Amino acid sequence: MAKLAKSPWLLHYDGSSCNGCDIEVLACTTPVYDIERFGIYNTGDPFQADILLITGGINSQSESVVKQIYSQMPEPKVVVAVGICACTGGVFKECYNIKGGVDTVIPVDVYVPGCAARPQAIIDGVVQALEILQKKRDDFEQKKKAGA
Amino acid sequence: MAERSVIPFGPQHPVLPEPVHLDLVCEDETVVEAVPSIGFVHRGLEKLVEQKDFKQYVYIAERVCGICSFGHGMGYCQAVEHVMNIEVPPRANYLRTIWMEMSRVHSHLLWLGLLADALGFESLFMQSWRLREKILDQFDEMTGGRVIFSVNCIGGVLKDLSDEQLKTLLKVIDEIEAELKPILRTFLQDYTVASRLRGLGVLSPDDAIAQGAVGPMLRASGVSYDARMTGYAAYGDLEMEPIISKDGDSYARCEVRLKELLQSFDLIRQAVAKIPAGPIAVPVKGNPNGEYFNRIEQPRGEAFYYVKGNGTKFLDRFRLRTPTTSNIPPMVSMLKGCQLADVPLLILTIDPCISCTER
Amino acid sequence: MECKNEIRPIDLEQFLPEVIRFRQSGWRMGQICAVRTPGGYELSYTFVKDYDICTLRLSIGEETVVSSITPIYPCAFIQENEMAELFGVRVENLSHDYHHRLYRIERDTPFKEKG
């Protein structure tokens, strides 16, 4: 489990979600689905997070907040869009206030569909994101060595 | 004279599962005024009635909020059924009641966990969410979904429950109650919890009525009002009394919700004992033409569902007034005079559901 | 339990005195909503007492200015601001006037037209 050896911390933010996917994300951190046994901890601080879990589509108010949170996270980082609303806008796609999924404002690495996305699927998405994170970390180290 | 500073709270905050923004005007550490700024979860889904017909709209109404999902579906269906004069079969009413009470149990356990987390009582957070998983497993087995399970339809429900499933439900309820009682006793008698919650955010009965509080907030201030007493669905056949407390502070609000948890177990047992056999839905013909104000008791309080039809398959208007919309004005007035460190606690004692408020 | 659920049409002149009467008799604020009609709006103000609900129905034109009920029921400010921002209903004397910036959406009065 080398890819999980560095114990990444995750940050959760609700874009404009109905809350269904949010409580499933929180259910991943509590007993039964317990993502903490992999060393992954739910922090509230963007400056200390490696993985960003976003639920819900993007509307005009949350656009700037999501961009700010993304810019506050240090490199390397990965973004997981949880739930169909975060992937494409979901069932609210035709609403006047929804612009679309999370990829309209920030780059997304893993999409986890579902309404509400199940904890098993979310953990699977996070594990796939960790492989991408490991690759980004290796690239980051190489660039640092080449630059130094 | 102390200097005033404005401290922004939210929309991203460790204790807030949903984005809400408050500008707290503080003198040193005392909050003098709180100005709410909402709109982060506003999707504008009430306008979708123009594009989805009234039968499809059940799926949108359910997704207003993931925690109160079943109640929203049921409230919407009941309003349309009333406009179209549809008589829902008794078995469907009992099934709706059982699922609604299970929703209440899961919602209150969720709230208890979040409040404990805000207090720093993380082990209680984990314990209450572990117990909540048992209810969610029951939902999964009965309906196929854990949080949004789409079993309401105009005219009844979509899934039936066998006697085996009802027996298993009763067994699970007994297990949860047995594990929950010592936890609740510990929480209510704990010195730290009491010292942080007692006397915080006191709301008198007159203030609660004048400021439009609903649900456990209203009942904790001594006003006996619970929309379930009007007898919708199968509540007319079940015995219950609104649970009230006289103190009106945050501790009283917690106590009322925890006692309602135990009351819900009792209501589920009564409903399972009395559920009649029969069909679970009736066919729906025609389109709604007319208007009606429906109200149900969600875990967070009384919710109004207004439906207006014009004879076509697209409704003219669907309006949902959720309990948190009514609870925000009293919350803002309670924040005045409290300490900065108590702000997250006060917000959580009203049990906010921002996605319900903003739709 | 038997409880009343009535919708009572009312004129603009009698509206505020009737709301004051509700307040003095101990009715609490239920909900406020607007419906777009051809040429105007239908406003519904619902009040609750014990288990009875009574809705005052105001039918107004597009340009009619309605007085806010926040001097009588201060908690109505959120729902009246929403009515003004999403529907374009003209409300005066709001205690907390967000000036159409409550939800801060990009589209102006989205419920005023279809589509």
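Keep in mind that this is a model prediction, so the values were computed, not measured.

Bringing the overall build of chain C into the picture now. If you tally the helices and strands in chain C, you get two helices and six strands. Along its sequence from the N terminus, chain C presents helices and strands in the succession β-α-β-β-β-β-α-β. The C-alpha radius of gyration of chain C comes to 14 Å, within 12% of the 13 Å expected for a compact globule of 115 residues. The principal-axis extents of the C-alpha atoms in chain C amount to approximately 45 × 30 × 30 Å. For chain C, with 115 residues in total, the buried portion stands at 55%. With an accessible surface of roughly 5,200 Å², chain C has 48% of that area assigned to carbon and sulfur atoms. For chain C, the distance from the average position of its 14 positive side-chain charges to the average position of its 18 negative side-chain charges is 2 Å.

The parts lose accessible area when they come together, and the size of an interface is often stated as this lost area. Of the residues lining the interface, 40 residues belong to chain B; the matching set on chain A comes to 39 residues. On the chain B side of the contact with chain A, B:Gln12, B:Arg43 and B:Arg146 bury the most area, a combined 20% of that side's loss. Our count for the chain B to chain A interface comes out at three salt bridges. Among the salt bridges present, the one from B:Asp140 reaches A:Arg118, with a minimum N-O distance of 3.1 Å. At the surface where chain B touches chain A, the tally comes to 13 residue pairs in polar contact (both at pLDDT 80 or more). Elements with a contribution of two residues or more to the side of chain B that touches chain A: α3 (90-119) and α4 (122-143) of chain B. Here the residues of the side of chain B that touches chain A sort into 20 nonpolar, ten polar and ten charged.

Following the sequence through the fold, B:Cys353 ends up in the loop between α11 (343-349) and α12 (354-358). Its relative accessible area of 0% is what places B:Cys353 among the buried residues. Taking C-alpha positions, B:Cys353 is 28 Å from B:Glu175, a pair spaced 178 residues apart along the chain. Sequence-distant contacts of B:Cys353, that is, excluding residues within four places in its chain, are made with A:Asn19, B:Glu18, B:Cys65, B:Cys68, B:Arg300 and B:Thr324.

Moving on, we come to the confidence of the model for chain B. As a general rule, the predicted coordinates of low-pLDDT regions are not to be interpreted in detail. On average, residues of chain B carry a pLDDT of 88, and 100% of them reach 70 or more. Across chain B, helix α2 (residues 69-83) of chain B holds the top mean pLDDT of 92, while α12(B) sits lowest at 83.

How two aromatic rings sit relative to each other is set out by the distance from centre to centre and by the angle between their planes. Tallied over the full model, the rule gives 17 aromatic pairs over all chains. Centroid distance B:Tyr57 to B:Tyr76: 5.5 Å. Interplanar angle 50 degrees. Geometry classified as tilted. Of the two residues, B:Tyr57 sits in helix α1 (residues 57-62) while B:Tyr76 sits in helix α2, which places them 19 residues apart along the sequence. Judged by relative accessible area, which is 0%, B:Tyr57 ranks as buried. You can call B:Tyr76 buried: its relative accessible area is 0%. Aromatic rings pair up to connect B:Phe70, B:Trp99, B:Phe139 and B:Phe149 into one cluster. A cation over an aromatic ring shows up here: A:Lys77 above the ring of A:Tyr70, its NZ or CZ 4.1 Å from the ring centre. Here the basic side chain of C:Arg23 rests over the ring of C:Tyr73, its NZ or CZ set 5.7 Å away from the ring centre.

Right, let's talk about the interface of chain C and chain B for a bit. Each partner contributes to the interface: chain C provides 40 residues, whereas chain B provides 42 residues. The largest share of the area that chain C buries against chain B comes from C:Arg28, C:Tyr51 and C:Tyr103, three residues that together contribute 20% of it. Our count for the contact surface shared by chain C and chain B stands at four salt bridges. Two residues, B:Glu291 and C:Arg57, come together in a salt bridge whose shortest N-O distance is 3.0 Å. Inspection of the chain C/chain B interface yields 15 residue pairs in polar contact (both at pLDDT 80 or more). Those elements giving two or more residues to the side of chain C that touches chain B turn out to be β1 (5-9), β2 (28-37), β3 (40-49), β4 (52-61) and α2 (77-87) of chain C. Sort the elements by how many residues they give to the side of chain C that touches chain B and β2(C) lands first, with seven residues. Looking at the side of chain C that touches chain B, its residues break down into 21 nonpolar, nine polar and ten charged.

As a further point, take the sheet that holds strand β7 (residues 110-112) of chain A. All names here are of chain A. Spatial ordering of the open sheet is given by β2-β1-β3-β5-β7, a layout of five strands whose pairing is parallel. Where the open sheet ends on each side, the last strands, each with one partner, are β2 (41-43) and β7. Shown here is a sheet whose adjacent strand axes are inclined to one another by a mean of 30 degrees, direction ignored. Lying on the sheet, helix α1 (residues 20-28) is in contact with β1 (9-14), β2, β3 (51-55) and β5 (78-82); it crosses β3 at an angle near 145 degrees.

Backbone phi values are negative for most residues with the exception of glycine, while trans is the configuration of most peptide bonds. Cis geometry marks the peptide bond from A:Glu75 to A:Pro76, where omega comes out at -10 degrees. Examined against the element boundaries, A:Pro76 turns out to sit in the loop between α2 (62-72) and β5. Cis geometry marks the peptide bond from A:Cys115 to A:Ala116; its omega dihedral reads -5 degrees. Take A:Ala116: it is sitting in the loop between β7 and α4 (119-147). Despite not being glycine, C:Asp50 has its phi angle at roughly 50 degrees, a positive value. Note that C:Asp50 resides in the loop between β3 and β4. The class for C:Asp50 is exposed, based on a relative accessible area of 57%. Positive phi, close to 50 degrees, is recorded for C:His99, a residue that is not glycine. Tracing the backbone through its elements, the reader meets C:His99 in the segment after β6 (90-92).

Moving on, we come to the state of the cysteines. Two cysteines joined by a covalent bond between their sulfur atoms form a disulfide. Residue and element names in this part refer to chain B. Within the structure shown, the criterion is met by zero disulfides over all chains. Not engaged in a disulfide, the cysteine cysteine 77 finds its nearest cysteine sulfur in cysteine 153; these two sulfurs lie 6.5 Å apart. Exposure remark for cysteine 77: the relative accessible area of 0% places this residue in the buried category.

What counts as what
- Residues numbered from 1 in each chain as written.
- Chains lettered and ligands numbered in written order.
- Predicted model: local features only at pLDDT ≥ 70, side-chain atom pairs only at ≥ 80, totals over all residues.
- Heavy atoms only, no water.
- Helix = DSSP H or I, 4+ residues; strand = E, 2+ residues; numbered from the N terminus.
- Rg over C-alpha atoms; globule rule 2.2 N^0.38 Å.
- Buried < 20%, exposed > 50% of the residue type's maximum accessible area, 1.4 Å probe, protein only.
- Areas by Shrake-Rupley, 256 points an atom, 1.4 Å probe, with all protein chains shown as cover.
- Lys, Arg positive; Asp, Glu negative; His and termini not counted.
- Charge placed at Lys NZ, Arg CZ, Asp CG, Glu CD.
- Contact = heavy atoms within 4.5 Å.
- Buried area = accessible area lost by both parts, 1.4 Å probe.
- Salt bridge = Lys/Arg side-chain N within 4 Å of Asp/Glu carboxyl O.
- Polar contact = N/O pair within 3.5 Å; in protein donor to acceptor, adjacent residues only side chain to side chain.
- Nonpolar A, V, L, I, M, F, W, Y, C, P; charged D, E, K, R; others polar.
- pLDDT = per-residue confidence, 0-100.
- Phe/Tyr/Trp six-rings, centres within 6.5 Å; stacked < 30°, edge-to-face > 60°.
- Lys NZ or Arg CZ within 6 Å of the ring centre and 35° of its normal.
- Pairing = 2+ DSSP bridges.
- Axes fitted to C-alpha atoms, helices over the stretch in contact; angles between N-to-C directions.
- Disulfide = S-S within 2.5 Å.

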